[in-house]
Amino acid sequence: MSIIVQKYGGSSLADIDKIMRVANRIIDAKKQGNKVIAIVSAMGKTTDNLVTLANQISKNPPKREMDRLLSTGEEISMSLLAMAIQSLGENAISLTGPQAGIMTDSIHNKAKIINIVSDRLLKELENYNIVIIAGFQGLNENNDIATLGRGGSDTSAVSIAAALNADLCEIFTDVDGVYACDPRIVPNIKKLTAISYDEMLELANLGAKVLHPRSVEVAKTHGVTIHVRSSFNHNIGTIVKEENKMEHNGLITGIAHDFNVAKVVVFGIPDIPGTAANVFRELAKSNINIQMIVQSSQINNKNDIAFTCSLSDARDAKNILENIAKELGAENILIEENLAKVSIVGAGMMTHSNIASQMFEALAKSDINIDMISTSEITISVIVDSSQCEKAVKALAEEFKLV
Ligand code: ADP
Ligand code: ASP
Ligand code: MG
């Protein structure tokens, strides 16, 4: 019997009718002679609603309690789905992340899976043939619930597929697969039949919500092929796998955008060796992920250092830097929030030098001002005002012929 891992996102489980549809789909897969492990997200907007509740108490709720709170969303879905399958006459059991042996590191709100102790999961799979697991959560070294970061159920699914050497890992969502950009912004954008791990990883890291970045990382490390497809139809979706040069889509494979970005500026720190090290050492200690960094040229032996990171990290970063501003000799620390990052991704750009100028020209033609720029081997990202983000994505989709 093959082992199939399926992951159902929140919109696929948003109400009881949808849960019943998912239950039928899982039963179909089982009847085709497979053992099925289904990883579930919280129903619809449940996680957002829980965040809103917590924020009514505190702007910066304790991370441990936040993990406990948010993890309840997936536990509702897993139980309802197991009940739905049983109501259709099949056996199924639901397990929380800890019950399924998902062990994480101790960083609350963005924990990483470090191990899966699969004994119980395998035993239940033997007994029931269908096991439902709460995504997004695991047990950390302190015996506390930890969550994997927003969208983390994808990572739960791919990690379980890797641990069990599953035959198939399907990520069911509310779109037909991975498109060259978010189809909500450009409805006639091209759908990708296949995409390499490296390009998908960049798109996900740069904000394409369709897959959680860690899930792609785990898939690449363990050679898990992912099929991203819609839970609302039976269309073939997009295969994420090792690159096949023959399938190269063109110079630019996709465009990602991200509103979850903020700029932190540290003004007027002394231009002496070690200041940048001091700034970023303190941020690293608090697990703040830095994206772009710009240091302005010095005036009067003082520098400004600006960097971007996620919105929630930016607020933490400001607090940390304000606490050590005196030691750093910094004059002021500011955050800018109404920003967006727009990125183009494509392995093809490694061999073409004019892509950056083509991108900047297209943005200029649309009258979009660029605040910051960063590049890597296969990406170019710009920071723009958040109000310009959609316009930028549309302009780039046209420019690089992705529609
Ligand atoms: P789920 O709840 O199933 O995990 P998500 O909302 O996390 O679903 O991810 C699916 C959404 O990702 C789509 O509805 C789409 O708006 C968005 N998205 C962003 N970029 C892309 C892309 N390049 N291809 C497909 N979907 C994308
Ligand atoms: N429910 C969590 C979220 O909304 C995890 C997930 O859906 O993957 O971010
Ligand atoms: Mg998701």
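The chain has the name Aspartokinase in an unreviewed UniProt entry, where Peptostreptococcus canis is given as its organism. If you open the UniProt record of the chain and go to Catalytic activity (unreviewed entry), you find "L-aspartate + ATP = 4-phospho-L-aspartate + ADP".

Visitor: It is not clear to me how the overall build of the chain should be interpreted in this structure. Could you clarify?
Guide: Across its full length, the chain holds twelve helices and 20 strands. Taken over C-alpha atoms, the radius of gyration comes to 22 Å for the chain, in line with the 22 Å a tight globule of 403 residues would show. Overall, the C-alpha framework of the chain stretches about 75 × 50 × 35 Å when taken along its three principal axes. Residues counted as buried form 53% of the 403 residues belonging to the chain. Counted over contacts in the chain with a minimum sequence separation of 6, partners at least 24 positions apart contribute 74%. Of the accessible surface of the chain, which amounts to about 18200 Å², a share of 49% is contributed by carbon and sulfur atoms. For the chain, the distance from the average site of its 38 positive side-chain charges to the average site of its 47 negative ones is 3 Å.

Visitor: What exactly am I supposed to notice about the site of ligand 2 here?
Guide: Around ligand 2, the neighbouring residues are Ser41, Ala42, Thr47, Glu74, Phe136, Arg150, Gly151, Gly152 and Ser153. Taking serine 41, its side chain carries an N or O atom lying 3.1 Å from an oxygen atom of ligand 2. Contacts to ligand 2 include glycine 151, whose backbone N or O atom sits 2.8 Å from an oxygen atom. In the complex, the protein chains occlude 87% of the 260 Å² of accessible area that ligand 2 would expose alone. Of the residues contributing to the shell around ligand 2, the split by class is two nonpolar, five polar and two charged.

Visitor: For this particular structure, what's the right way to read the site of ligand 1?
Guide: Close contacts around ligand 1 come from 18 residues, with Thr173, Asp174, Tyr179, Asp182 and Arg184 the closest. The separation between an oxygen atom of ligand 1 and a polar side-chain atom of lysine 7 is 2.9 Å. One of the side-chain N or O atoms of threonine 173 is found 2.7 Å from an oxygen atom in ligand 1. Computed on the free molecule, ligand 1 has an accessible area of 570 Å², of which 89% lies beneath the protein chains in the complex. Across the shell around ligand 1, the residue classes tally to eight nonpolar, five polar and five charged.

Visitor: So what exactly am I meant to see when it comes to helix α7 (residues 213-222) here?
Guide: Of all the residues in α7, the buried ones are Ser215, Val216, Val218 and Ala219. Down the axis of α7, the buried side of the element spans an arc of 165 degrees, and every buried residue falls inside it. Buried residues belonging to α7 abut α5 (153-163), α6 (197-205) and β11 (226-230). Where α7 terminates, the next one or two residues include glycine 223, which has phi positive at roughly 65 degrees.

Visitor: Looking at this structure, how should I read the environment of leucine 283?
Guide: Tracing the chain through its elements places leucine 283 in helix α8 (residues 275-285). Judged by relative accessible area, which is 0%, leucine 283 ranks as buried. Between the C-alpha atom of leucine 283 and that of alanine 317, which follows or precedes it by 34 residues, the distance is 6.4 Å. Here leucine 283 is in contact with Ile288, Ile290, Phe307, Ala317, Ile320 and Leu321, once residues within four sequence places are set aside.

Procedures and definitions
Residues numbered from 1 in each chain as written. Chains lettered and ligands numbered in written order. Predicted model: local features only at pLDDT ≥ 70, side-chain atom pairs only at ≥ 80, totals over all residues. Heavy atoms only, no water. UniProt positions renumbered as here; feature names shortened; annotations may be inferred. Helix = DSSP H or I, 4+ residues; strand = E, 2+ residues; numbered from the N terminus. Rg over C-alpha atoms; globule rule 2.2 N^0.38 Å. Buried < 20%, exposed > 50% of the residue type's maximum accessible area, 1.4 Å probe, protein only. Contact = heavy atoms within 4.5 Å. Areas by Shrake-Rupley, 256 points an atom, 1.4 Å probe, with all protein chains shown as cover. Lys, Arg positive; Asp, Glu negative; His and termini not counted. Charge placed at Lys NZ, Arg CZ, Asp CG, Glu CD. Near = heavy atom within 4 Å. Polar contact = N/O pair within 3.5 Å; in protein donor to acceptor, adjacent residues only side chain to side chain. Nonpolar A, V, L, I, M, F, W, Y, C, P; charged D, E, K, R; others polar. Arc of directions from axis to C-beta.

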